[in-house]
Amino acid sequence: MQCPENLTQPEQDEFWMAYALELADRAEQLGEVPVGAVLVAEGRLLAEGWNQVITCNDPTAHAEVVALRHAGEVLQNYRLVDTTLYVTLEPCPMCAGALVHARVQRVVFAAPDPRTGAAGSVFQLLQAPQLNHQCQIQSAVLQSACADKIRQFFKQRRNAQKQQKQAKANKT
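Keep in mind the model is a prediction, meaning the values are calculated, not measured. (Residues numbered from 1 in each chain as written. Predicted model: local features only at pLDDT ≥ 70, side-chain atom pairs only at ≥ 80, totals over all residues. Heavy atoms only, no water.)

Undergrad: Hey, could you go over the packing of helix H1 (residues 9-29) against helix H5 (residues 143-171) for me, with residue numbers and the actual values?
TA: For the pair H1 and H5, the least separation of the axes is 10 Å and the interaxial angle reads 10°. Here H1 lies roughly parallel to H5, going by the angle between them. Across the interface between the two elements, Met17, Leu21, Ala24, Asp25 and Glu28 from H1 touch Ala145, Cys146, Lys149, Phe153 and Gln156 from H5. By residue class, the composition of the contact of H1 with H5 is 6 nonpolar, 1 polar and 3 charged. (Axes fitted to C-alpha atoms, helices over the stretch in contact; angles between N-to-C directions. Helix = DSSP H or I, 4+ residues; strand = E, 2+ residues; numbered from the N terminus. Parallel < 35°, antiparallel > 145°, perpendicular 65-115°, else oblique. Contact = heavy atoms within 4.5 Å. Nonpolar A, V, L, I, M, F, W, Y, C, P; charged D, E, K, R; others polar.)

Undergrad: Quick rundown of the packing of aromatic side chains? Include the residues and the values.
TA: As enumerated under the stated definition, the model contains 2 aromatic pairs in all. Between Phe15 and Trp16 the ring centres are 4.9 Å apart and the planes differ by 85°, which places this aromatic pair in the edge-to-face class. The exposure class of Trp16 is buried, given its relative accessible area of 1%. Where Phe153 meets Phe154, the ring centres are 5.1 Å apart and the plane angle is 80°; that geometry is what we call edge-to-face. Judged by relative accessible area, which is 8%, Phe153 ranks as buried. (Phe/Tyr/Trp six-rings, centres within 6.5 Å; stacked < 30°, edge-to-face > 60°. Buried < 20%, exposed > 50% of the residue type's maximum accessible area, 1.4 Å probe, protein only.)

Undergrad: So what's going on with the sheet that holds strand S3 (residues 84-89)? Which residues, and what values?
TA: Think of a sheet as strands paired side by side through backbone hydrogen bonds, with each pair either parallel or antiparallel. On the basis of which strands lie adjacent, the open sheet formed by 5 strands has the order S2-S1-S3-S4-S5 and mixed pairing. Of all strands in the sheet, those bounded by a partner on one side alone are strand S2 (44-50) and strand S5 (136-138). The average angle at which neighbouring strand axes cross in this sheet is 20°, direction not considered. Pairing geometry for strand S1 (residues 36-41) and S2, over 6 bridges, is antiparallel. Its bridge partner lying in S2, Val40 is registered against Leu45. On the sheet, H5 packs against S3 and strand S4 (106-111) and is oriented at approximately 60° with respect to S4. (Pairing = 2+ DSSP bridges.)

This is the structure in structure tokens:
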């Protein structure tokens with residue numbers, strides 16, 4: 001997959017974030033938190049990922065890490081210089097650390113994560129001056145659509161839990 005030519009940087013960011021949002025749908029269909037990630041180099045799709053923590057019984061199978069693993073295999077290199085990662089939710093500390101170690105040049109995220117965000121919301125690992133690499137950050141690309149998807153997911157989950165509790169209480 002390749003981004004259409006002659007798009008401005010903000011248009012390219014929206015193009016790739018829209019694709020990451022589609023990948024978030026895959027995660028949601030699996031019962032995972034709906035987060036999708038796309039790694040791009042020179043306007044071309046290098047790798048993609050979506051949350052697979054539950055599916056793979058792997059606490060590290062966040063969308064970003066899945067995409068980084070695939071990109072490393074494609075490039076046969078653990079350094080992913082001159083790449084941009086698009087992700088629907090602000091990276092957590094684990095993912096931010098992986099992005100820094102992989103030397104990803106730019107991270108574009110949609111929705112901030114006020115609980116575990118490591119690109120400025122709670123922590124700032126992507127641009128920590130103590131580290132030997134800093135990622136450029138762009139936030140709020142398709143923020144509303146991505147935040148709504150996550151908000152709806154957790155609202156549905158809470159409602160399902162509430163119904164289960166009521167059903168259990170009705171049985172006793």
